[in-house]
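Coordinate inspection notes
What follows is each chain in one-letter form.
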Amino acid sequence: MRKLTQDNITDVFLSYCGKDTDPRMREIMASLARHLHAFAKEVRLTHAEWQTGIEFMERMTEFTDAERHEFVLLSDVLGLSSLVDMINSVPGGTSSSVLGPFHISGAPEIPFGHDMKRHYEGPILLARGRITDQDANPIEGARLDIWQTAPNGLYSSQDPEQDTYSFHGIQTTGADGCYGFTTVKPVSYTVPSDGPVGDILNAVGRHPWRPSHLHYIVTATGYRQLVTEIFPEDDPYLDEDTVFGVREDLVMNYVERPPDTFPEGFDLSGNVSEPYLVADFDLKLVREA
């Protein structure tokens, strides 16, 4: 194309696509090109700014490895991860939330009542609930993938002092659909800000803090997978989560209970001498179409 201009370059780009291009690929690339070209024209992007953007993406690769996914983190802090979650959510079930960059596959199987707290200091949290369908019927055989930070605010993949699967586990529900485990009360923490994502946060005057939470991935045959988090009502960062992960139905209250009420069936039963916290939270799955 010889007569290329600012006004026709988007259409010319699309004309270069082969006739056998997948229709969905064509739709996505067409929209991407239109918005990307419109962005450059709207802000009158300079060569220096364009080069800075290229260098930013190159630095992103330097901070990405098997333990740290800087591109996922960028998507999170830009709100894109949450937007994709919301676009693909189906009414009637528990809201989804961001996966985050620190999930580890292959966590060990843990039984009902398992103690994830172990030797770590901090308030005991008993987390429990039911996994149900939209009609509140329990789902047997649902698999709950659980993970969280340690009391120092670090996930095991960030912290060489922790075991690989510290504060990770997978629990399978019985006929009652119930899950339950003990852990240490999660803490608020900062997302990694020593790399290019941190540069973006600093440039626009944003903090890197996330409210404390527990991560869950729930899978069950015949149901849509649920990736979500649950957050305590009293966390100071609940309304300014840097990765936009909070949803109204994912907020719960910790209830403090005296030690003599700690239930049977948990690894810590009979060994609790101080008040403990309880997080009761049911997870509702939506059937596959």
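Anyway, here's the lowdown on the structure attached to this text.

Cut-offs used in this document
Residues numbered from 1 in each chain as written. Predicted model: local features only at pLDDT ≥ 70, side-chain atom pairs only at ≥ 80, totals over all residues. Heavy atoms only, no water. Helix = DSSP H or I, 4+ residues; strand = E, 2+ residues; numbered from the N terminus. Buried < 20%, exposed > 50% of the residue type's maximum accessible area, 1.4 Å probe, protein only. Contact = heavy atoms within 4.5 Å. Areas by Shrake-Rupley, 256 points an atom, 1.4 Å probe, with all protein chains shown as cover. Core = buried A, V, L, I, M, F, W, Y, C linked by side-chain atoms within 4.5 Å. Lys, Arg positive; Asp, Glu negative; His and termini not counted. Salt bridge = Lys/Arg side-chain N within 4 Å of Asp/Glu carboxyl O.

This part covers the overall build of the protein. Helix and strand counts for the protein stand at six helices and 13 strands. C-alpha extents for the protein along the principal axes are approximately 80 × 40 × 30 Å. Taken across its 289 residues, the protein has 42% of its residues classed as buried. A separation threshold of at least 6 residues defines the contact pool for the protein, and within that pool the share at least 24 residues apart is 71%. When the accessible surface of the protein is totalled, it reaches about 15900 Å², and 54% of it is carbon and sulfur.

Glancing now at the nonpolar core. In terms of nonpolar packing, the biggest core is built from 32 residues, with I131, Y216 and L283 touching the most fellow members. Of all the secondary structure elements, the ones that give two or more residues to this core are strand 2 (124-132), strand 3 (143-147), strand 5 (178-184), strand 8 (214-219), strand 9 (226-232) and strand 12 (276-280). Apart from residues lying up to four places away in sequence, L283 is in contact with T94, R130, I131, T132, L144, Y179, Y216, V218, L226 and T228. Counting residues in hydrophobic clusters, the runner-up holds 10 residues, among them F56, V77, V197 and L201.

This part covers the side chain of K117. The residue K117 is located in the loop between strand 1 (114-115) and strand 2 in this model. Buried charge without a partner: K117 forms no salt bridge, and the closest opposite charge is E121, 5.6 Å away. Discounting chain neighbours no more than four positions away, the residues touching K117 are G122, P123, I124, F167, T182, T183 and V184.

The subject of this paragraph is unusual backbone geometry. Comment: phi is negative for the bulk of residues other than glycine, and the bulk of peptide bonds are trans. In this model, A136 sits at a positive phi of 70°, which is unusual for a non-glycine residue. Take A136: it is sitting in the loop between strand 2 and strand 3. Of the residues examined, A136 reaches a relative accessible area of 40% and is grouped as partly exposed. One non-glycine residue, F244, adopts positive backbone phi at about 60°.

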